[in-house]
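In case you want the letters, here they are:
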Amino acid sequence: MKMRRTAAAGAVVLALGVTATACGGESGSAGDKPAGGGYSHDYTAAKNVKIDSATLKRAQKRGKIIIGVKADQPFLGYQDPSTKKYSGFDIEIAKMVAADLGFSTDQIEFRTINSNARETTISHHLVDYYVGTYTINNERKKQVGFAGPYYTAGADLLVRKDDKSITGPNSLRGKNVCSITGSTPLQEIKKPQYGAHTQESDKYSDCVQKVLDNQADALTTDDAILKGYAAQRPDKLRVVDHPFTKEPYGIGMDKNDKALRDAITTALEHHIKNGDYQTAYTNTLGKSGSKYVAPQTPLPRY
Ligand code: GLU
């Protein structure tokens, strides 16, 4: 990995537990990683891109773009443990945008960043932008800029298949609910009105395991994420299918880089209009049972 870091930035990487991974390598063919959907497409990179964006100029100088993503969300952002390749809907969105900024798939470095590290990682410029089930909200907008929404999910519950006692958020009184540190569904489920006991983890896979092992009764996060886990273990897990929040997904980036925000918004609109978005959706999220809803364009700009 050819990347120069300042000592301070390196310390932040260590402190956040950021996993840096090898460059590129996204050319996997369909079928080689079913847990992530296995779909991967290359988008044609634009030539001679000139945008007055400090982030883009840094990326152009280093010759690659660094994108923060998730690695443990099947069909959304998933890294195959053996091939190390990333796949899923968010990975496709990340690549579409990179192409319009002038970066081909082999000029992308994906970095796995968990939910609780997103704002710090973005504001320390450890990633150029972030695509990973990232809900746009006013609190986060104080720290990062957002392009989108490119998709709207809703918080839901993943439970053991044979547990019929949980029918929605109002049936959680006294139950043990696992969720992810730094995520919006965790904040929601902590509200006293639900009466749930909450447990936190950094990694989704830990919460899924807890539900399977009877150490938690439910995992709450976005329905789009939960459907991926249920699709992997249909014999053991089910999604309650009672969404109780709205989670509009955005691409996160440096709060002050308006030129980049505009360019990424334009790139999203371009790939929604030319059909790439729907094709990617059908081959990733669509496979785990999330229904396709065309995103509203034009996207908001600020
Ligand atoms: N969309 C929610 C959030 O941004 C939950 C999923 C996640 O943790 O990425 O907090």
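Throughout what follows, the structure given in this document is the object of discussion. Treat the numbers as computed from the prediction; the structure is a model and nothing was measured.

## Some words on the sheet that holds strand S10 (residues 176-180)
Item 1. The mixed open sheet is built from 5 strands, whose spatial order is S11-S10-S12-S9-S13. Each end of this open sheet is capped by a strand with a single partner; those strands are strand S11 (197-201) and strand S13 (237-239). Taken pair by pair, the neighbouring strands of this sheet meet at an average axis angle of 30 degrees, ignoring direction.
Item 2. Relative to S13, strand S9 (residues 155-160) is paired through 3 bridges, and the arrangement is antiparallel. Bridge pairing links Val159 to Arg238 in S13.

## Some words on the state of the cysteines
Item 1. For the coordinates displayed, the defined rule picks out 1 disulfide.
Item 2. Here Cys178 engages in a disulfide with Cys207; their sulfurs sit 2.1 Å apart. Around the S-S axis, the bridge from Cys178 to Cys207 shows a dihedral of about -70 degrees and counts as left-handed. With Cys178 in strand S10 and Cys207 in helix H7 (residues 204-212), the pair connects residues that are 29 residues apart, well separated along the chain.
Item 3. Since its relative accessible area comes to 0%, Cys207 is described here as buried.

## A look at the pattern of salt bridges
Item 1. For the structure on display, the rule yields 13 salt bridges.
Item 2. A salt bridge links Asp217 to Arg160; its shortest N-O distance comes to 3.4 Å. Taken together, the positions of Asp217 in the loop between H7 and strand S12 (218-222) and Arg160 in strand S9 put the pair 57 residues apart, joining distant regions of the chain.
Item 3. Judged by its relative accessible area of 13%, Arg160 is buried.
Item 4. A single network of salt bridges, built from pairs that share partners, joins Lys258, Asp262, Glu269 and Arg301.

## So, the nonpolar core
Item 1. Counting 59 residues, the largest nonpolar core has Ile67, Leu101, Tyr129, Tyr150, Tyr151 and Ile251 as the members making the most contacts within it.
Item 2. Ranked by residue count, the leading element in this core is helix H3 (residues 89-100), at 8 residues.
Item 3. Setting aside residues no more than four positions away along its own chain, Ile67 makes contact with Ala94, Ala98, Ile108, Glu109, Phe110, Arg111, Val127, Tyr129 and Val131.
Item 4. By size, the runner-up hydrophobic cluster in this structure holds 13 residues, among which are Val177, Leu186, Ala218 and Phe244.

Reading the values: rules and limits
Residues numbered from 1 in each chain as written. Predicted model: local features only at pLDDT ≥ 70, side-chain atom pairs only at ≥ 80, totals over all residues. Heavy atoms only, no water. Pairing = 2+ DSSP bridges. Helix = DSSP H or I, 4+ residues; strand = E, 2+ residues; numbered from the N terminus. Axes fitted to C-alpha atoms, helices over the stretch in contact; angles between N-to-C directions. Disulfide = S-S within 2.5 Å. Buried < 20%, exposed > 50% of the residue type's maximum accessible area, 1.4 Å probe, protein only. Salt bridge = Lys/Arg side-chain N within 4 Å of Asp/Glu carboxyl O. Core = buried A, V, L, I, M, F, W, Y, C linked by side-chain atoms within 4.5 Å. Contact = heavy atoms within 4.5 Å.

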